[in-house]
Amino acid sequence: VRASAPIKVAGVHASPVENAWNSVLHKALQDAAAEGVIEYVFSEGISGTDYPRAMREYAEQGAKLIIGEAYAVEKQAREVAADYPETAFVLGSSGKESGDNFGVFGTWNHDGAYLAGMLAGKMTKSNVVGSVGAMPIPEVNMLINAFAAGVKAVNPDAKHLVTFIGTFFDPPKAREAGLAQIDAGADILFGERIGTADAAKERGLKSVGSLIDYTPRYPDTVFANALWGFRPILNAAIADVSAGKPVGKDYTAFGLLKEGGSDVAYVKGVAPADAEAAMEAKRAEIKSGAFEVPRITDEPK
Amino acid sequence: MSEAILNICSVSKRFGDNLANDDISLSLGKGEIVALLGENGAGKTTLMSILFGHYVPDSGKVLVEGRELPPGKPRAAIRAGIGMVHQHFSLAPNLTVLENVMAGTERLWHLRSGTSAARRKLHRICQRFGLTVEPDARVGDLSVGEQQRVEILKALYNDAHILVLDEPTAVLTNLEAERLFSTLKDMAREGLSLIFISHKLDEVMAAANRIVVLRGGRKVAERLAKETNKAELAELMVGRRVARPVREPSTPGEVVLKVADVSVSIDGVERLKSIDFSLRAGEVLGIIGVSGNGQTTLAHLLSGTLRRDKGDLLLFGEPIGDLTVDDAVRAGIGRIPEDRNKEGAIGEMAIWENAVLERLPRFSRYGLVDRPSGQAFAGQIIDAFDVRGGRPTTRTRLLSGGNMQKLILGRNLMDRPRILLAAQPARGLDEGAVAAVHERLLEARRAGTAVLLISEDLEEVMALADRIQAIVNGRLSPPIAADSASATKLGLMMAGEWNEEHEVPHAF
Amino acid sequence: MNAVTDIFASAGLWAAVLRIATPLILGTLGALLCERSGVLNLGIEGIMTFGAMIGWLAVYNGADLWTGILVAGLSGGIFGLLHAGLTVTLGLSQHVSGLGVTLFASSFSYYVFRLLVPVAGTPPTIEPFQPIDVPALSSLPFLGPALFTQTPPTYVAILLALVLGYVLFRTPLGLAIRMTGENPHAAEAQGINPMAIRFGSVIVGSALMGIGGAFLTLSAFNSFFPTMVQGRGWICIALVVFASWRPGRALVGALLFALFDGFQLRLQTRLSGVVPYQIFLMIPYLLSIAALALMARRARVPQALMQPYRRGER
Amino acid sequence: MRFERREHRSFALVIATPVLAILCALALAGLLIAIAGAPVMEAYWRILVGAFGSRLSATETLTRASPLILTGLAAAVAFRAKLWNIGAEGQFYLGAIAVAAASSHLFGGLPPPLQVPLLLVAGAAAGIVLLLVPLWLRLRFSVDEVVTTLLLNFVAVLFVSMLIDGPLKDPMGFGWPQSQPVADAAVLPKLFARSRLHVGLMIALVFAVAVHLVQSRTVFGMQSRAAGLNPAGAVFAGVPLGRTLVTVACISGGLAGLAGAIEVMGVQGYVTTDLSPGYGYSGIVVAMLANLHPLGVVLAALFTAVMFVGADGMSRSMGIPSYIADVTVALSLISMLTGVFFTQYRIRR
Ligand SMILES: Nc1ncnc2c1ncn2[C@@H]1O[C@H](COP(=O)(O)OP(=O)(O)OP(=O)(O)O)[C@@H](O)[C@H]1O
Ligand SMILES: Nc1ncnc2c1ncn2[C@@H]1O[C@H](COP(=O)(O)OP(=O)(O)OP(=O)(O)O)[C@@H](O)[C@H]1O
Ligand SMILES: [Mg+2]
Ligand SMILES: [Mg+2]
């Protein structure tokens, strides 16, 4: 990123920024602002009805780049972008880019989930692992499927349980779902939702985090995380904007492990050494492009 | 009569522009029964509400045994030994008798209700005054008479030695009222002091030692019962001589309404059992009966708000099946409901709206209400029937009971109905208003209207009706000519004593 | 079917039931107390949110857990005061005021939270209540782990249900509250001050709601998230109806609902995706409506519910 | 101290009270803004700018007011007849999903002049159906409708959630729970280019006037008012109580369903479970603010929309937490309700 006047970036978050996914964006943007690369303003908890207005207001206020999520407003978001050709929009989306100024990115941290699954598969004593997710939407499905695939890759006999809590925002409920899985025999939990690790912690078991690094929050519980970093995507977008290049493209790849966007973060020495070695080997393969983690967006069973 | 136990000193109370109590003073001796008399809206209830602490007086004070009561504190009044039986019952229908009686009698922060002690105390009081009720019955399941008893028990349970009863007999049958007054007299002999409010001069003369008359918020007279008479009291109340009109002889015309073998059930209970009667043009047919025996059902049936189970209704000789309100209005049946506040008018609506609501087809075109002609109609009623206190656009709630009754009479009589159904037309009204209503009914009769008068007031029926039938337990007695009727005979009829068959009267 | 019996035979389910039920018990008791005095309190969802936030915030700033509970209760009481002022003193329509309180209390808690806890990443945590073992009982086979290893607020909630039942049906105060809910005019005629009773009931009831919310952040979880109350308040309103305004039945109703939820979470791990999860979530609402239809005839609804009381007005 | 009902309201009072109420709400909101460390006076200015300051903000305010007018009318009509319909939120969602379903499965091929009215009717019908359930429970079992309509809101949203997760799920929605979109022919025309303001506003205004005329001029209006004020009296006067209530429910539920319909056809294009930011609930407060007067509902809806859109925009330009918008709306609703009360009552010692 070139050192020039910071460009004005606006974040529009449909959820409160506590939500793990939004917090990844929010943190990356805050960091960039702290470094003086951008000037960051944001709105959070913006419902679908208000979302397009927030985008328009920021565009009218002179934001050069607008970061956010188009999931609930795919159609309208593109209309807004078409109305403000001078502003760059880069939004989390399951759809395609459109025009010159509407770029998209997906949340592909399944590489990390696969690798964490490889550790979990070797660690489980009961041979049962569990995943707690919000709702069976594609990106959540892909993540949980990748974790399960990682487990199966090293331990084909392991059983994998899945629970969806039906909402994005109910940590106590995610915790109950986790406890239910433990009661059903699981001894390692993959927490797509915050709250899951609390169940593992309560029962003295291990857990895997997603999107952000949960280990500091649950030092003895969360031994691995399927990290997703937004900074590479952000940097790429900022670079395009600064260079005056169109942002109408798919930025997802910048979030892949191969590109340094996502990764696995794990506490060394928790999993058996051979498991860690196997996992590191696979990680190198992914990096080199020799191996690709399957992307399955069907609802996990 | 010893020392005054209660003194009300120069009490005044204003509601908006309305001076409801104007410098009223009143005293009550131990063991004395004072009757408070006055027109509707004279300020009786207001005065008693001040005494009991429901209202704060603008000036004046209340002394009990020489000590001043703090204003606006019902608790203090109860502690000072004042018990009040309200004009409109104030009971919690879902609670038991015992709970209704006990509530508020103990320190709120006690950790446990003294239910068994309370039960014993209630039992003692019941015994002493001969007021029996089942302590664990749900109040909502009790009859009106029993509820009245619960109200009195509530006051006695609080060790009241001054008991205030606001129109206690308005909803009671004659028999119940008699029993109530004999209990009250017993209480007075036991040293209780009583104030009661009533519009019924007979009761007042029979029970009270002393009578205080209010008019327009002021005390206008005070008489010992033995030194006055009904006529004087009526005059004092209204401020002029009032005489109830009496019917002059006439010859009735053809039969306009015939009810043949009609039965009606409500919620599975047969309320009317094969009743028969016919009504002729230019006559008043009086139907008497103790409340609860089916007269309300009969009134509703003929008003068009109930369906019959069997039998025929013949209007002007034609069978009409079930009568609806629309049918009734179109056929020229005027209807005066028994409960004017609940059924007769919609308080929050304007006078003109109440005047036209039941005859909207006449005051509308293509589904649109014809406001000007509706208001004109209401104006005519106001002029012709001397409705005081409002213009066509005034909210009806603001009218007093008597004026509301005139409005209801007016909207029915304006169009010269062929049949007029009058259920308890003078209930709760003062002497002046009663006379006015009776005059209107007789006027309609003279004009050829057939009047069906349903009433519990024997005096009223004897004064107005040409023929009288009694309704007992859903059955109708054969008619007798009013000229051959006497209070005793009618009393027997209301007890079900008529010739053909012997029915067990409705237990009360 | 085997799966079902397995689930019911696991102590974990029953322990979960008590945990899930606790905030519902507290909220339902609060709503029930308000309604018994004749005031519908639809502010519950917002009051629970605020309780969850402020209780957590107090502990985060160094207060101990019980102080956090107390603070949540107090804040609930203050919102109760607002609701009572609008509905009892002014006699405004209760459902409208309640919706207003919910709107205000929830948005206000998010606002306060965001001002005081600027975020980066997931919100900070506190050390929540730990399960305590009831001496002797907790070592019972099955029953011990199922019922007697809960956090203290759970025991308190159950105790409160019994206490409220006792107060309502065995003490003079309870009788005064019930009479006010049935007919405030009758209460006043007995020397009871219906306004004071309603104020007191709404304040105490709302305090219970606040505590119910705080359970979410001080025991069920360890940090606050906006929108985390997730409709639990509305469930409580339904449960009051289901319980036909009796604390004992409210306790049973809350446990039953929690059983559905706990069962549903366990069933999913075995047969995921057979029945849409929405069906499970609808059940408590539909059951409450059915319960209402069945008992409405018996008219045990507090008769003065939602009717403003104004002194000296007929 | 006690309150006494005013029989006559002076015009000055009717004007002064809401002004005072707004000032009071703004003062409280200002306090919160000051706590956030922002300059209060500028914030007030920003609220104004945010609500009317540009073509964008003005059209956005009106866009938000459109469904609020309809849900406000839905509540006002029902409350007048003492039918306590707290269920406009659920009716809104059913109206919306009915439109989405009908457009993608029934009428999708029809040209706009046919399809648009048919869809509006479908939306209204769905709202009606949802309200008829609690009404039936009330008429048949005398179940109080406050609680049933409230509870059905949650049932309705869950039902919609189930549909958009299942049979009505958009296959092109990348697995997200959202309904199939309405056909292009069903999209309501925009009133201005480059804005979201659509003819739904006109529909809402027409209905406000229509409801006003029906209530004040027609036989049905008078009868439904009577039924609300005093059912026994209405029956005695020959008002068919059941039929009147059913008609009222049809109007009320229909308006709420229509609100959902225009929101889908005019703004969103498809249904998600966060389609409504509480339009149904706000509608109730809007109706109360308007004293249940249909034309007042238009003003009250505008007021609510101005407060929200203005404060929301202000939060963005001042960089304070965006939750301030909801706080401001809540404060102004509460103080307006209190204000409306004091136009009806006076304090007496
Ligand atoms: N709560 C009130 N608010 C306003 N005015 C009232 C109120 N209560 C009574 N009034 C006024 O006080 C006057 C006296 O009313 P009150 O009820 O004392 O009459 P009353 O003598 O008891 O009549 P009735 O015989 O019909 O019971 C009425 O004319 C009425 O205008
Ligand atoms: N809450 C009130 N506010 C204002 N005025 C009232 C109120 N209640 C009663 N009034 C007025 O009080 C007067 C008398 O009322 P009241 O109810 O005593 O009439 P009434 O003749 O006694 O009727 P009824 O015989 O049916 O009891 C009327 O003018 C009425 O407008
Ligand atoms: Mg009277
Ligand atoms: Mg009186």
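All values reported here derive from a predicted model rather than from experimental measurement.

Chemist: Give a detailed account of the UniProt feature "transmembrane region" (unreviewed entry) in chain C, specifying residues and quantitative values.
Modeler: All names here are of chain C. The positions that UniProt labels "transmembrane region" (unreviewed entry) are, in the present scheme, residues 12-32, 39-59, 65-84, 96-113, 155-175, 196-218 and 279-296. Summarising residues 39-59: 76% helix, 0% strand, and an end-to-end C-alpha distance of 32 Å. As annotated, residues 96-113 comprises 100% helix and 0% strand, and the C-alpha atoms at either end are separated by 26 Å.

Chemist: Any chance you could break down helix α6 (residues 145-165) of chain D for me, citing the residues and the numbers?
Modeler: Residues and elements named next belong to chain D. Over its 21 residues, α6 runs 29 Å from end to end, which matches the ideal 30 Å to within 8%, given 1.5 Å per residue. Counting buried positions along α6 gives 18 out of 21 residues, so the element sits mostly inside the fold. One side-chain oxygen at the N-terminal end of α6 lies 3.1 Å from the backbone nitrogen of Val146; it belongs to Asp144.

Chemist: Talk me through the sheet that holds strand β4 (residues 59-64) of chain B; I want residue IDs and the actual numbers.
Modeler: Strand pairing in a sheet takes place through backbone hydrogen bonds and is either antiparallel or parallel in direction. All names here are of chain B. The antiparallel open sheet is built from 4 strands, whose spatial order is β2-β1-β4-β5. At either margin of the open sheet sits one strand with a lone partner, and together these are β2 (18-29) and β5 (67-68). Judged from the 8 bridges that link them, strand β1 (residues 4-15) and β2 form a sheet pairing that is antiparallel. Residue Lys13 lies in a different strand from β2, and its bridge partner there is Asn21. Along the sheet face, helix α1 (residues 44-52) touches β1, β2 and β4 and points at about 115° away from the line of β1.

Chemist: Describe the site of ligand 1, naming the residues involved and giving the relevant values.
Modeler: As a matter of local geometry, ligand 1 sits amid 17 residues, with Asn18, Gly43, Lys44, Thr45 and Thr46 of chain B nearest to it. Around ligand 1, the neighbouring residues derive from chains B and C rather than from a single chain. The separation between an oxygen atom of ligand 1 and a polar side-chain atom of Thr45 of chain B is 2.5 Å. Between an oxygen atom of ligand 1 and a side-chain N or O atom of Glu167 of chain B, the distance comes to 3.2 Å.

Chemist: Outline unusual backbone geometry, supporting the account with residue identities and numerical values.
Modeler: Both trends apply: most residues other than glycine have a negative phi, and most peptide bonds are in trans. Positive phi is not limited to glycine here, since Phe316 of chain B has a value of about 50°. Assignment of secondary structure puts Phe316 of chain B in the loop between β14 (310-315) and β15 (318-319). Judged by its relative accessible area of 28%, Phe316 of chain B is partly exposed. At Met306 of chain C, a residue that is not glycine, the phi angle is positive and equals roughly 75°.

Chemist: Could you give me a rundown of the arrangement of the chains, with the residues and numbers involved?
Modeler: Ranking the 5 pairs of chains in contact by number of contacts places chains C and D first. Regarding chain A and chain B, the two do not touch, and the least distance separating their C-alpha atoms is 37 Å.

Chemist: Describe the state of the cysteines, and please don't skip the residues or the numbers.
Modeler: Considering all chains together, one arrives at 0 disulfides over all chains under this definition. A disulfide-free cysteine, Cys34 of chain C has its sulfur positioned 11 Å from the sulfur of Cys236 of chain C, the nearest such atom.

Chemist: Which residues make up the sheet that holds strand β6 (residues 82-85) of chain B, and what are the values?
Modeler: Residues and elements named next belong to chain B. Here 6 strands make up an open sheet; going across it, the order is β6-β7-β8-β3-β9-β10 and the pairing mixed. The sheet is open, and its two edges are formed by β6 and β10 (218-224), each paired on a single side. The average angle at which neighbouring strand axes cross in this sheet is 15°, direction not considered. Relative to β10, strand β9 (residues 210-215) runs antiparallel, the two being bridged by 6 bridges.

Chemist: Any chance you could break down the UniProt feature "transmembrane region" (unreviewed entry) in chain D for me, citing the residues and the numbers?
Modeler: Residues and elements named next belong to chain D. In this numbering, the UniProt entry assigns the feature "transmembrane region" (unreviewed entry) to residues 12-41, 116-137, 146-164, 197-214, 279-311 and 323-345. End-to-end, the C-alpha atoms of residues 12-41 are 27 Å apart, and along that stretch the chain is 87% helix and 0% strand. Within residues 146-164, the helical portion is 100% and the strand portion 0%, while the C-alpha atoms at the span's ends are 28 Å from each other.

Chemist: Go over empty space enclosed by the protein with me, naming the residues and quoting the values.
Modeler: All chains considered together, the criterion is met by 13 cavities of 30 Å³ or more. The calculated volume of the second largest cavity comes to roughly 90 Å³. Looking at the second largest cavity, it is lined by 15 residues, and the ones nearest its centre are Asn19, Phe168, Arg193 and Ile194 of chain A together with Phe225 of chain C. Considering only residue class, the lining of the second largest cavity consists of 9 nonpolar, 2 polar and 4 charged.

Chemist: Go over the environment of Pro249 of chain B, please, and point to the residues and values.
Modeler: By the element assignment, Pro249 of chain B lies in the loop between α8 (230-238) and β11 (255-266). It is 60 Å that separates the C-alpha atoms of Pro249 of chain B and Ala118 of chain B, two residues lying 131 residues apart in sequence.

Chemist: Got a sec to walk through the interface of chain D and chain C? Specific residues and values, please.
Modeler: Contacts between chain D and chain C engage 49 residues on the former and 43 residues on the latter. Contact between chain D and chain C buries roughly 4,100 Å² in total, counting both sides, with carbon and sulfur atoms accounting for 83%. For the chain D face of the interface with chain C, the top three residues by lost area are Leu151, Leu158 and Tyr323 of chain D, together amounting to 15%. Seen at the junction of chain D and chain C, the total is 0 salt bridges. Elements supplying a minimum of two residues to the side of chain D that touches chain C: β1 (2-5), α1 (11-35), α5 (112-141), α6, α11 (279-289) and α13 (324-344) of chain D. Per element, the largest residue contribution to the side of chain D that touches chain C is 13 residues, and it comes from α6 of chain D. By residue class, the composition of the side of chain D that touches chain C is 40 nonpolar, 4 polar and 5 charged.

Chemist: I'd love a proper account of the packing of helix α2 (residues 51-60) of chain A against helix α12 (residues 294-318) of chain D, names of residues and values included.
Modeler: Running from amino to carboxyl end, α2 of chain A crosses α12 of chain D at an angle of 50°, the nearest separation of the two axes being 11 Å. Judged by the inter-axis angle, α2 of chain A sits oblique to α12 of chain D. Judged by the twist between their axes, the crossing of α2 of chain A over α12 of chain D is right-handed. Together, Arg53, Ala54, Glu57 and Tyr58 of chain A of α2 of chain A and Phe308, Val309, Asp312, Gly313 and Arg316 of chain D of α12 of chain D make up the contact between the two elements. For the contact of α2 of chain A with α12 of chain D, the class distribution of residues is 4 nonpolar, 1 polar and 4 charged.

Chemist: Report on the packing of aromatic side chains, specifying residues and quantitative values.
Modeler: Evaluation of the coordinates by the stated rule reveals 36 aromatic pairs over all chains. Both rings, one in Phe50 of chain C and one in Phe108 of chain C, keep their centres 5.7 Å apart while their planes meet at 0°; by these two values the pair is stacked. Taken together, the residues span a long stretch of sequence, with Phe50 of chain C in helix α3 (residues 44-60) and Phe108 of chain C in helix α5 (residues 94-116) at a distance of 58 residues. Residue class for Phe108 of chain C comes out buried when judged on its relative accessible area of 19%. Ring centres 5.6 Å apart and planes at 45° place the aromatic pair Phe92 of chain D and Tyr279 of chain D in the tilted group. Here Phe92 of chain D, found in helix α4 (residues 88-105), pairs with Tyr279 of chain D, found in helix α11; they are 187 residues apart in sequence, far enough to count as distant.

Each value, and the rule that gives it
- Residues numbered from 1 in each chain as written.
- Chains lettered and ligands numbered in written order.
- Predicted model: local features only at pLDDT ≥ 70, side-chain atom pairs only at ≥ 80, totals over all residues.
- Heavy atoms only, no water.
- UniProt positions renumbered as here; feature names shortened; annotations may be inferred.
- Helix = DSSP H or I, 4+ residues; strand = E, 2+ residues; numbered from the N terminus.
- Expected span 1.5 Å × (residues − 1).
- Buried < 20%, exposed > 50% of the residue type's maximum accessible area, 1.4 Å probe, protein only.
- Polar contact = N/O pair within 3.5 Å; in protein donor to acceptor, adjacent residues only side chain to side chain.
- Pairing = 2+ DSSP bridges.
- Contact = heavy atoms within 4.5 Å.
- Axes fitted to C-alpha atoms, helices over the stretch in contact; angles between N-to-C directions.
- Near = heavy atom within 4 Å.
- Disulfide = S-S within 2.5 Å.
- 1 Å grid on protein atoms, 1.4 Å probe; cavity = no way out; pocket = protein on both sides within 12 Å on 5 of 7 lines; lining within 4 Å.
- Points joined across faces, edges and corners; volume = space filled by probe spheres on them.
- Nonpolar A, V, L, I, M, F, W, Y, C, P; charged D, E, K, R; others polar.
- Buried area = accessible area lost by both parts, 1.4 Å probe.
- Salt bridge = Lys/Arg side-chain N within 4 Å of Asp/Glu carboxyl O.
- Parallel < 35°, antiparallel > 145°, perpendicular 65-115°, else oblique.
- Left-handed = near helix turned anticlockwise from the far one by under 90°.
- Phe/Tyr/Trp six-rings, centres within 6.5 Å; stacked < 30°, edge-to-face > 60°.

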